[in-house]
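# Notes for the structure review
Letter by letter, the chains look like this.
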Amino acid sequence: MKLFRTSIVLPLAAAAIAITPAIGSDIPIGTYEGGGRACTGRLSITAKTLSWHTSFSRCDRLPYDFANLGDNKGVITYLFHLKHSQPGCLYRSVELHRRTASDGATTWEAVGYLTREDQEAKRLDQALACPVVH
Amino acid sequence: MGNGLSQQWMDTVDRSQTDKRWNDLDTNIKSVVDEFNTRLGARLRTSGFKKLDFRLIKAMVWTESGGPDSSAWKTRPMQIGNPGDPGLHELLSNETGGILTPELKKELQKGVATPDSNIKAGVAFLLMRAATFVWESVPDPSDVKGSVVEVKGGDNLDTIAKAHSTTIEMLKTLNPEIGNGKLIKAGQRLKSRRAQIHRKITGWVEITTEFAARRYNVGDPKYKQKLDYCLSIMPP
């Protein structure tokens, strides 16, 4: 996995991270490719913006608030709240899931929620869930 | 392997060889495929309907969802009906020539974010894409006797058809003397019978991996190769 750390790990910084462990740490910079009926396209994450092109939605270089929601049963969830809407972009929150299997194999999934409320409630029936390769 | 697929994608699908959960939707898929094959096979035999292959639909589920660890596997394993996808609207707002029963249409209108409903919608959409249709005037079975209509000044076949819940084709069939562009006159008496225009299936394109890639998939250039790869590692 390509990780981008926003701060040099120093004792002082580590203390700060301990207070706010999620925000701004370990942003999974890179590109993730999806395919199929709904997911054909690419999720591109830079240090400052997120672009996600899929079959029926197009989000271009949108700034985000980032949080690492941590590891739950082998799945790390990275959360991107997009700072503003954009014509043609259906999603306001994007989760990127990194799953590590017991044999060490890693798979990725991108999930787009229409609203922040949908993301908070994990309303998958209102979301696009795409397997992606990194 | 020379198929242009990414190693990570193939490694993921290869897990189906050891992880039995990749077969967890088999019962759902088989049930849906059997239901369509039985119903359409009986009703539409004359249109050349060929039975759907369960393995092809399973390959589509694997390709679309990415397998049992994914969220899509538990919600929309055939990835139809996602936000912005016009496919479901196309399926539910058009006449399908009998591919959807009224009951199934009602069920899908409630939502397609469960594996069972999503597989039903995905298979129905695939079938709709594979069917060739014509529009046909169908008499209303409840109106056996029909009626006689007197033409008034300013009438034409279209206004008469609309006013009497029938079709121009039905009027021409019942009144051969008005066919071939001949004019109707005020005071003329025409036979009429209630009828509607319906979409009828006249033929089918064979559903192959190439067809699914072209008509179900939206833009994935490797879709056929993915389906072929799934089929190559799937038990017969």
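In this text, all values refer to a predicted model and were calculated from it rather than measured experimentally. (Residues numbered from 1 in each chain as written. Chains lettered and ligands numbered in written order. Predicted model: local features only at pLDDT ≥ 70, side-chain atom pairs only at ≥ 80, totals over all residues. Heavy atoms only, no water.)

Our focus in this paragraph is the overall build of chain B. Regarding its fold elements, chain B presents 11 helices and 4 strands. Computed over C-alpha atoms, the radius of gyration of chain B comes to 24 Å, more than 25% over the 18 Å expected from 2.2 N^0.38 for 236 residues, which places it beyond the range of a compact globule. Oriented by its inertia axes, the alpha-carbon framework of chain B measures out at about 80 × 35 × 35 Å. The buried share of chain B, reckoned over its 236 residues, is 49%. Considering only residue pairs separated by 6 or more positions, chain B has 75% of its internal contacts joining residues 24 or more positions apart. As presented, chain B carries roughly 11900 Å² of accessible surface, and 52% of it is formed by carbon and sulfur atoms. Here chain B holds 35 positive side-chain charges and 28 negative ones, and the gap between their average locations is 5 Å. (Helix = DSSP H or I, 4+ residues; strand = E, 2+ residues; numbered from the N terminus. Rg over C-alpha atoms; globule rule 2.2 N^0.38 Å. Buried < 20%, exposed > 50% of the residue type's maximum accessible area, 1.4 Å probe, protein only. Contact = heavy atoms within 4.5 Å. Areas by Shrake-Rupley, 256 points an atom, 1.4 Å probe, with all protein chains shown as cover. Lys, Arg positive; Asp, Glu negative; His and termini not counted. Charge placed at Lys NZ, Arg CZ, Asp CG, Glu CD.)

So, about helix α3 (residues 54-65) of chain B. All names here are of chain B. Its 12 residues place the ends of α3 16 Å apart at the C-alpha level, agreeing with the 16 Å of an ideal helix rising 1.5 Å per residue. Of all 12 residues that make up α3, 11 are buried, and the element is covered over most of its length. Looking only at α3, the buried set comprises Phe54, Leu56, Ile57, Lys58, Ala59, Met60, Val61, Trp62, Thr63, Glu64 and Ser65. For α3, the capping residue at the N-terminal end is Asp53, with a side-chain oxygen 3.0 Å from the backbone nitrogen of Arg55. (Expected span 1.5 Å × (residues − 1). Polar contact = N/O pair within 3.5 Å; in protein donor to acceptor, adjacent residues only side chain to side chain.)

This part is about the state of the cysteines. Residue and element names in this part refer to chain A. Within the structure shown, the criterion is met by 2 disulfides over all chains. The partner cysteine of Cys39 in its disulfide is Cys130, sulfur to sulfur 2.1 Å. Taking the sign of the S-S torsion, about -85 degrees here, the bridge from Cys39 to Cys130 comes out left-handed. Taken together, the residues Cys39 in helix α2 (residues 36-39) and Cys130 in strand β8 (residues 127-133) connect sequence positions 91 residues apart. On the basis of relative accessibility, which here comes to 2%, the residue Cys39 falls in the buried class. Look at Cys130 and you get buried, because its relative accessible area is 0%. The disulfide bridge from Cys59 ends at Cys89, spanning 2.1 Å between sulfur atoms. Between Cys59 and Cys89, the disulfide has an S-S torsion of 80 degrees and is therefore right-handed. Placement of Cys59 in strand β4 (residues 57-72) and of Cys89 in the loop between β5 (75-82) and β6 (93-100) is noted, with a sequence separation of 30 residues between them. Cys59 sits in the buried class, given a relative accessible area of 1%. (Disulfide = S-S within 2.5 Å.)

Looking at where B:Trp204 falls in the secondary structure, it is placed in strand β4 (residues 195-204). Aside from chain neighbours lying at most four places away, what touches B:Trp204 is B:Leu40, B:Leu44, B:Ser47, B:Gly48, B:Phe49, B:Ile99, B:Leu127, B:Ala130, B:Ala131 and B:Thr132.

This part is about the interface of chain A and chain B. Across the boundary between the two partners, chain A contributes 30 residues, which contact 32 residues of chain B. Buried surface at the junction of chain A and chain B, both sides included, amounts to about 2200 Å², of which 53% is carbon and sulfur. Taken as a group, A:Arg37, A:Phe56 and A:Val133 account for 31% of the area that chain A buries against chain B, more than any other trio of residues on that side. The interface formed by chain A and chain B holds 3 salt bridges in total. The salt bridge partner of A:Arg99 is B:Asp69, with a shortest N-O separation of 3.9 Å. (Buried area = accessible area lost by both parts, 1.4 Å probe. Salt bridge = Lys/Arg side-chain N within 4 Å of Asp/Glu carboxyl O.)

Moving on: the pattern of salt bridges. All names here are of chain B. Summed over the entire model, instances satisfying the criterion amount to 22 salt bridges over all chains. Glu150 is the partner of Arg189 in a salt bridge, and the nearest nitrogen-oxygen pair spans 3.9 Å. With a gap of 39 residues between them, Arg189 in strand β3 (residues 189-192) and Glu150 in strand β2 (residues 147-150) connect regions that are remote in the sequence.

Now for the environment of B:Ala161. All names here are of chain B. Within the secondary structure, Ala161 sits in helix α8 (residues 157-163). Here Ala161 falls in the buried class, since its relative accessible area comes to 4%. Linking Ala161 and Gln196, residues 35 residues apart in sequence, is a C-alpha distance of 9.9 Å. Not counting residues up to four positions away in its chain, the partners in contact with Ala161 are Thr166, Thr167, Ile168 and Leu171.

Parsing chain B into structural domains produces domain 1 (7-136 + 200-233) and domain 2 (143-193). Placing a centre on the C-alpha atoms of domain 1 of chain B and another on those of domain 2 of chain B gives a separation of 44 Å. (Domains from an automatic or database assignment.)

Another point: the nonpolar core. As a rule of thumb, nonpolar side chains are buried together in soluble globular proteins. If you look at the biggest cluster of nonpolar residues, it comprises 57 residues, and the most contacted ones within it are B:Ile99, B:Leu127 and B:Trp204. If one sorts the elements of this core by residue count, helix α7 (residues 115-130) of chain B sits on top with 9 residues. A:Trp52, A:Leu82, A:Trp108 and A:Val132 belong to the second largest nonpolar core, which has 25 residues in total. (Core = buried A, V, L, I, M, F, W, Y, C linked by side-chain atoms within 4.5 Å.)

Turning our attention to the confidence of the model for chain B. Mean pLDDT over chain B works out to 93, with 99% of the residues at or above the 70 mark. Across the assembled chains, the prediction reports ipTM 0.81 with pTM 0.83. (pLDDT = per-residue confidence, 0-100.)

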